[in-house]
Amino acid sequence: MTIQINYKNNSPKKTTTNLVLFADEKFNISNLKKYISNSEFSYISDLLKSSDLTKNLFIFEITAKKKIILVSIKNNLETSDIENLGAEFYGRINYENKSEYFVNSDSAGSKYESFIGYFLHGLKLKSYEFNLYKSKKKQKIISINIIGNKNKVTIQDKLRFKAIEEGTFFARDLVSEPPNVLNPKEYANRLLKLRKLGIKVTTYNESQMKKLGMHSLLGVGRGSVNESFLVTLEWYGNKKDKKAPLSFVGKGVCFDTGGISLKPAKFMEEMKYDMAGSAVVAGLIQTLATRKANVNAVGVVGLVENMPGGNAQRPGDIVKAYNGKTIEVLNTDAEGRLVLADALSFTEAKFKPRFMIDLATLTGAIIMALGEEYAGLFSNNDDLSNKIFKVGEKVKEKVWRLPLHADYDKLINSTIADMQNINYSGGAGSITAAQFLQRFVTSKTPWAHLDIAGMAFSKKAANLNPGGATGFGVRLLNQLIEEHYE
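Notes on the structure follow. Note that the structure is a prediction, hence the values are computed from the model and not measured.

1. Brief notes about the sheet that holds strand S8 (residues 229-236)
Next up, step 1: What the eight strands build is an open sheet, ordered S7-S8-S10-S9-S13-S17-S14-S15; its pairing is mixed. Both edges of this open sheet fall to strand S7 (200-204) and strand S15 (399-401), since each of them pairs with a single strand only. Across the sheet, the mean angle from the axis of one strand to that of its neighbour is 20 degrees, orientation sign disregarded.
Next up, step 2: The pairing of S7 with S8 spans five bridges and is classified as antiparallel. By the bridge assignment, Tyr 204 is partnered in S8 with Leu 230.
Next up, step 3: In this fold helix H5 (residues 184-192) packs onto S7, S8, strand S9 (246-256) and strand S10 (296-306), with an angle of close to 160 degrees to the strand it touches most, S10.
Next up, step 4: The strands touched by helix H11 (residues 382-395) are strand S13 (355-360), strand S14 (375-379), S15 and strand S17 (447-451); relative to S15, the strand with the most contacts, the crossing angle is about 150 degrees.

Below you can see the structure in the form of structure tokens.
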């Protein structure tokens, strides 16, 4: 699908083909009379009298070659509601192989700032497709022409929306790639290409990680023929700021068989998206660089493949992490926390950040608790947690905070090492996983963990997501930075 958005600096004409107009929440169209012919006005008015006016959108077939689309602007809309209007509009027109629409910005009024910008932003986010491996691709082209002299989208907003869309699409692309293509080395090579945006990209191979003592991360990849990597992405958009950078850490398990603790075959193909946390980090840093964000931020991703094999890590093995703590590996399918353990402690030691936020498709238990509506939030800092929660409500990438408490530590204490990587007693799977991660935040750095297992990939289309990889977290964290750290 190709979406072409053109900004026409001309007044609306009544003869325009496929015209998009905005009405109030009761679909009162008296103020739209100047944009359509008398016969069209009468026809639409009559149809509206017997229509369900709680809907957001109506499409009226005027002729075989002309449609008039009415979009309702409800009272007290939030920006996310406007984006959803754009997404709904796209959902109603995307069946056409080639079409052209004229969006009358004058009809939107001036009640909501950047209304057209958010409307188009939602449309673009919804239009994402991943069809790289289809031998026959549908050549869909939808041209959206913005006409009128009011409610113009500023250059700054155009760049901002474009940056967020590209960052979200980058994350979705990474998650959507098949595992035989996106192995850790290929992933690292794609991240190296971000240097063209001014991002400092550094890769650490297995030999370098061994010297650093990252045996927790390295243990996960031992069964794979593909080498493991740690990659750092540094964006310095405010070099005058002497404060420590913001940091974001992502789990990048490019494919997760479970290792020796092998997963069931059913749905194992979905484990290609076990690197979604790292994809969000990459998409976020790309977004910041693209929009030239006035902030210093660092992304750190651990890239591994968890496979069974003659050299694979075994249940019962003990490994020493980067920070010197020892871990008894009781289940090799609880591997994401082993990757994050080294990535978190390395990030804290090397960058001494203002905060750390990690993202991971970490536990199935979080899906049992929250489904596909909320990501799990765990944090050692109320201020950071509250900011993430409120921003999530605003952009509709919602999070819900769950507890951390020292009483859970007994569930992951080991009799022969500092800790074990799973809770064998049962229950509180997501909490004990987060409790495990907290042990690798050792310098009182504000930290939040987002378990996005239920949010990273969806089999059904919803809101701004067309189905498949969602890129959940890119918009959330970008908004967090915009509101509180720039």
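So much for the structure itself; the text now carries on.
2. Some details on H5
Next up, step 1: All of the buried residues in H5 are Pro 184, Tyr 187, Ala 188, Arg 190 and Leu 191. Looking straight down H5, one finds its buried side chains confined to an arc of 160 degrees; they lie on one side.
Next up, step 2: Among the structural elements, helix H4 (155-176), S7, S8, S9, helix H8 (276-290) and S10 are those in contact with the buried residues of H5.
Next up, step 3: Two or three places before Lys 185, at the opening of H5, Asn 183 has a side-chain oxygen 3.1 Å from that residue's backbone nitrogen.

3. Focus: the nonpolar core
Next up, step 1: In this structure, Leu 191, Phe 248, Ile 357, Ile 388 and Ile 452 are the most contacted members of the largest nonpolar core, which totals 57 residues.
Next up, step 2: No other element matches H8, which puts nine residues into this core.
Next up, step 3: Not counting chain neighbours up to four residues away, the residues in contact with Ile 388 comprise Ile 357, Leu 377, Val 399, Ala 448, Leu 450, Leu 476 and Leu 480.
Next up, step 4: With 43 residues, the next largest nonpolar core counts Leu 344, Ala 360, Leu 404 and Ala 433 among its residues.

4. Section: the pairing of S14
Next up, step 1: A large share of S14 lies buried, amounting to five of its five residues.
Next up, step 2: Of the two faces of S14, the one holding Ala 375, Leu 377 and Ser 379 and the one holding Gly 376 and Phe 378 are both buried throughout.
Next up, step 3: The sheet contact formed by S14 and S15 spans three bridges and is parallel. Bridge pairing in S15 links Gly 376 to Trp 400.
Next up, step 4: This β-α-β element, S14 to H11 to S15, shows right-handed connectivity.

Rules of the game
Residues numbered from 1 in each chain as written. Predicted model: local features only at pLDDT ≥ 70, side-chain atom pairs only at ≥ 80, totals over all residues. Heavy atoms only, no water. Pairing = 2+ DSSP bridges. Helix = DSSP H or I, 4+ residues; strand = E, 2+ residues; numbered from the N terminus. Axes fitted to C-alpha atoms, helices over the stretch in contact; angles between N-to-C directions. Contact = heavy atoms within 4.5 Å. Buried < 20%, exposed > 50% of the residue type's maximum accessible area, 1.4 Å probe, protein only. Arc of directions from axis to C-beta. Polar contact = N/O pair within 3.5 Å; in protein donor to acceptor, adjacent residues only side chain to side chain. Core = buried A, V, L, I, M, F, W, Y, C linked by side-chain atoms within 4.5 Å. Right-handed = clockwise from strand over helix to strand, strands pointing away.

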